[in-house]
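If you want the building blocks of each chain, they are given just below.
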Amino acid sequence: VLRGHTEYRAILQCTTQSGSCIETSGSGTEPVAIEYLVLDGTKSMVPCLRAFRPAGASGSVTGGAPILFRSVTVQHLHGADAAIVSEASPLTFQQCEFVNMSVHTLIHIQYNDNFRWQDGSIYSMCSPSNVYLPLVLKHITIENVQGWDVVWGENKQPLVAKVNGTSLVRVIQTNDLSSRE
């Protein structure tokens, strides 16, 4: 758990010019929590966070630990990459903000490019008979941001949707991702 104070968030200022500000990898099934922080990219042009495949194995069929962002602000990042990149971990954002950014993509999700999400969850907090979605966004604020919101392999991963309002939405998608309605 990487956690700031709930009332006065700590600011992690990225100053690196290569790689990414925070790098994580691992094949655990317990979630990694990043809470109540401000990730500031004022002095950098690289991703704020990159979740690598376990042991850096390209094309790995093992997922990384899920990463949960709660009340995190990502701000002042201007660069040609994504603000957050996940090669192997599902991501959940709850009550997060993206502010004053000019990036190629806010979130580049590659989890499930090589994993069989249809086989059910491998994570301890989710029953194996259920699916752990690669990306969940809940109560997100995006202000003064230029770039794509989310990039993902649309023919390899479940649907990603942004829903405004509180009305019920039903999405039907086949297991092979060939159709959606």
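The structure we're discussing is the one just above.
None of the values given here were measured: they were computed from a predicted structure.

How each quantity is defined
The residue count restarts for each chain, going from 1 along the sequence in the order it is written. Given that this is a predicted model, residues contribute local features only at a pLDDT of at least 70 and side-chain atom pairs are listed and counted only at 80 or more, while totals for whole chains, interfaces and linings are drawn from all residues. Think of the side-chain values as coming from all heavy atoms in the structure, minus any hydrogens and water. Note that a disulfide, as used here, is simply two cysteine sulfur atoms within 2.5 Å. Three exposure classes are used, based on accessible area relative to the maximum for each residue type with a 1.4 Å probe and protein chains only: buried under 20%, partly exposed in between, and exposed over 50%. In this description, strands pair whenever DSSP reports at least two bridges between them. Helix and strand labels come from DSSP, where a helix needs a run of H or I of at least four residues and a strand needs a run of E of at least two; each type is numbered from the N terminus. For our purposes a nonpolar core is just a set of buried Ala, Val, Leu, Ile, Met, Phe, Trp, Tyr and Cys residues, chained together by side-chain atoms within 4.5 Å. The contact criterion used throughout is that any non-hydrogen atoms of two residues lie within 4.5 Å. Charge counting follows a simple rule: Lys and Arg are positive, Asp and Glu are negative, and His as well as the terminal groups are ignored. Criterion for a salt bridge: a side-chain nitrogen of Lys or Arg within 4 Å of a carboxyl oxygen of Asp or Glu. Polar contacts here mean pairs of N or O atoms no more than 3.5 Å apart (in protein, one a potential hydrogen donor and the other a potential acceptor; neighbouring residues in sequence count only if both atoms are side-chain atoms). When two rings of Phe, Tyr or Trp (its six-membered ring) have centres within 6.5 Å they constitute a pair, described as stacked for plane angles under 30 degrees, edge-to-face for angles over 60, and tilted for the intermediate range.

(A) Seen up close, the state of the cysteines. Applying the stated criterion across every chain yields a total of one disulfide. Across the disulfide from Cys-14 sits Cys-21; the S-S distance is 1.6 Å. On the S-S bond that ties Cys-14 to Cys-21, the torsion sits near -90°, and the link is left-handed. Residue Cys-21 is classed as partly exposed on the basis of its relative accessible area, which comes to 28%. Take Cys-48: it sits in no disulfide, and the sulfur closest to it among the cysteines is that of Cys-21, at 5.2 Å.

(B) Representation of the pairing of strand E4 (residues 32–35) within the structure. As paired elements, strand E1 (residues 2–3) and E4 share two bridges and run parallel to each other. Looking at the pairing, Arg-3 lines up with Glu-35 of E4. Bridge analysis of E4 against strand E7 (residues 67–70) gives four bridges, and the strand direction is parallel. Its bridge partner being in E7, Ile-34 is matched across the sheet by Phe-69.

(C) Structural view of the nonpolar core. One finds Phe-69, Val-74, Ile-84, Leu-91, Phe-93, Phe-98 and Met-101 to be the most contacted residues of the largest nonpolar core, which totals 25 residues. Take this core: its biggest share by element is six residues, from strand E11 (residues 97–109). Setting aside residues up to four positions removed in sequence, Ile-84 forms contacts with Leu-49, Phe-69, Val-74, Leu-91, Phe-93, Phe-98, Leu-106, Ile-107 and His-108.

(D) The environment of Ser-102, seen in detail. Mapped onto the elements, Ser-102 comes out in strand E11. Judged by its relative accessible area of 29%, Ser-102 is partly exposed. Separated by 45 residues in sequence, Ser-102 and Gly-147 place their C-alpha atoms 6.2 Å apart.

(E) Spotlight on the side chain of Asp-40. Looking at the secondary structure, you find Asp-40 in strand E5 (residues 37–40). Salt bridges are absent for the buried Asp-40, whose nearest opposite-charge side chain, Lys-43, sits at 8.2 Å. Only 2.4 Å separates the side chain of Asp-40 from the side chain of Thr-42, close enough to count as a polar contact. Of the polar contacts made by the side chain of Asp-40, one reaches the side chain of Gln-75; its length is 2.8 Å.

(F) Broad picture of the packing of aromatic side chains. Per the stated rule, a full pass over the model turns up two aromatic pairs. Seen from their ring centres, Phe-93 and Phe-98 are 5.9 Å apart, and the 55° between their planes marks the pair as tilted. A residue is classified by how much of its surface remains accessible, and Phe-98, at 1% relative accessible area, is buried. Aromatic rings pair up to connect Phe-69, Phe-93 and Phe-98 into one cluster.

(G) Molecular detail of the pattern of salt bridges. In this structure the tally under the stated criterion is two salt bridges. The salt bridge partner of Glu-35 is Arg-70, with a shortest N-O separation of 2.3 Å. You can see Glu-35 sitting in strand E4 and its partner Arg-70 sitting in strand E7, a full 35 residues away along the chain. Of the residues examined, Glu-35 reaches a relative accessible area of 5% and is grouped as buried.

(H) Broad picture of unusual backbone geometry. Unusually for a residue other than glycine, Asn-100 sits at a positive phi of about 50°. As for its position among the elements, Asn-100 is in strand E11.

(I) Up close: the sheet that holds E4. Ordered in space as E1-E4-E7-E10-E12, the five strands form an open sheet in which the pairing is parallel. The sheet is open, and its two edges are formed by E1 and strand E12 (135–138), each paired on a single side.

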